[in-house]
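Here is what each chain is made of, one letter per residue.
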Amino acid sequence: NSTQGNGMARPFRHLCLILACLLAPALPAPAETIAAADSTLIASFLALPNDSLEVHIEAAEDLAERARKTTDVPERRRLLTAAAARNPALTRPWVDLADLAMDLGYRDAAAASLAAARVTIDFLEGEARRPAIRDYSVTRAWYHYEMGEWEDGRRWGQRAVKFKAGMNGSLVTALNSA
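Residues numbered from 1 in each chain as written. Predicted model: local features only at pLDDT ≥ 70, side-chain atom pairs only at ≥ 80, totals over all residues. Heavy atoms only, no water.

## Quick word on the overall build of the protein chain
Right, so step 1: Along the protein chain, the regular secondary structure elements total nine helices and zero strands.
Right, so step 2: Shown N-terminal to C-terminal, the secondary structure of the protein chain runs as helices and strands in the order α-α-α-α-α-α-α-α-α.
Right, so step 3: Residue burial in the protein chain is summarised as follows: out of 178 residues, 41% are buried.
Right, so step 4: Summarising the internal contacts of the protein chain: among those between residues at least 6 apart in sequence, 55% fall at separations of at least 24. (Helix = DSSP H or I, 4+ residues; strand = E, 2+ residues; numbered from the N terminus. Buried < 20%, exposed > 50% of the residue type's maximum accessible area, 1.4 Å probe, protein only. Contact = heavy atoms within 4.5 Å.)

Here it is in structure tokens:
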């Protein structure tokens, strides 16, 4: 077992460092570097024994659900960060962190969270991929619109609509046709 003095497994210590970088106003490394580190981390996470993996998955889903229900921004950020730390392979907390970072004006952190979300999608199979791609595409479209990258925003918006993005997809479609 690779633990440090505080008993935290080494991959999770690395994830905490990555999360700290994601939530900082300025990133010390490009988003691609963080996303590459995440793919290794996710593979390590998914290799955990099933009973341990299940505990982390359930805890992360609970934290992510609590984050969606709170309107307190610092608490939401804390819960989403904790959810991503408990299960780095869960797409939704990364997408929600990107949304939150955009709302707070941290474009680099939003880009890094989107990069991490994209990496998680590569690990999904079957029907689990569809909602993850949809949520990612909607947020990615909004990110590009906010950056003034209209063509990229339109392209991601079309992809979101392809995956039946609901109300957010309707808004993206309206922007595409404007």
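## A look at a negative patch on the surface
Right, so step 1: Residues D51, E54, E58 and E61 make up a contiguous surface patch of negative charge.
Right, so step 2: Within the secondary structure, D51 sits in helix α3 (residues 50–69).
Right, so step 3: Given the relative accessible area of 56%, D51 is considered exposed. (Patch = residues over 30% accessible without salt bridge, like charges linked within 9 Å, V, L, I, M, F, W, Y side chains within 5 Å. Areas by Shrake-Rupley, 256 points an atom, 1.4 Å probe, with all protein chains shown as cover. Salt bridge = Lys/Arg side-chain N within 4 Å of Asp/Glu carboxyl O. Lys, Arg positive; Asp, Glu negative; His and termini not counted. Charge placed at Lys NZ, Arg CZ, Asp CG, Glu CD.)

## Considerations on the side chain of T91
Right, so step 1: As for its placement among the helices and strands, T91 is situated in helix α5 (residues 91–104).
Right, so step 2: Looking at T91, the relative accessible area reads 6%, which means it is buried.

## Here we look at the packing of helix α6 (residues 107–122) against helix α7 (residues 129–146)
Right, so step 1: With their axes 10 Å apart at the nearest point, α6 and α7 run at an angle of 160 degrees to one another. In terms of orientation, α6 and α7 fall into the roughly antiparallel class. The handedness of the crossing between α6 and α7 is left-handed. Contacts between α6 and α7 involve R107, A110, A111, L114, A117, R118, I121 and D122 on the former and, on the latter, R129, A132, I133, Y136, T139, R140, Y143 and E146.
Right, so step 2: Looking at the contact of α6 with α7 residue by residue, the class counts come to nine nonpolar, one polar and six charged. (Axes fitted to C-alpha atoms, helices over the stretch in contact; angles between N-to-C directions. Parallel < 35°, antiparallel > 145°, perpendicular 65-115°, else oblique. Left-handed = near helix turned anticlockwise from the far one by under 90°. Nonpolar A, V, L, I, M, F, W, Y, C, P; charged D, E, K, R; others polar.)

## A closer look at α7
Right, so step 1: Its 18 residues give α7 an end-to-end C-alpha distance of 26 Å, which sits within 8% of 26 Å, the value for a rise of 1.5 Å per residue.
Right, so step 2: Buried within α7 are the following residues: A132, I133, D135, Y136, S137, V138, T139, A141, Y143, H144 and Y145.
Right, so step 3: Of the residues trailing α7, G148 is marked for its positive phi of about 75 degrees. (Expected span 1.5 Å × (residues − 1).)

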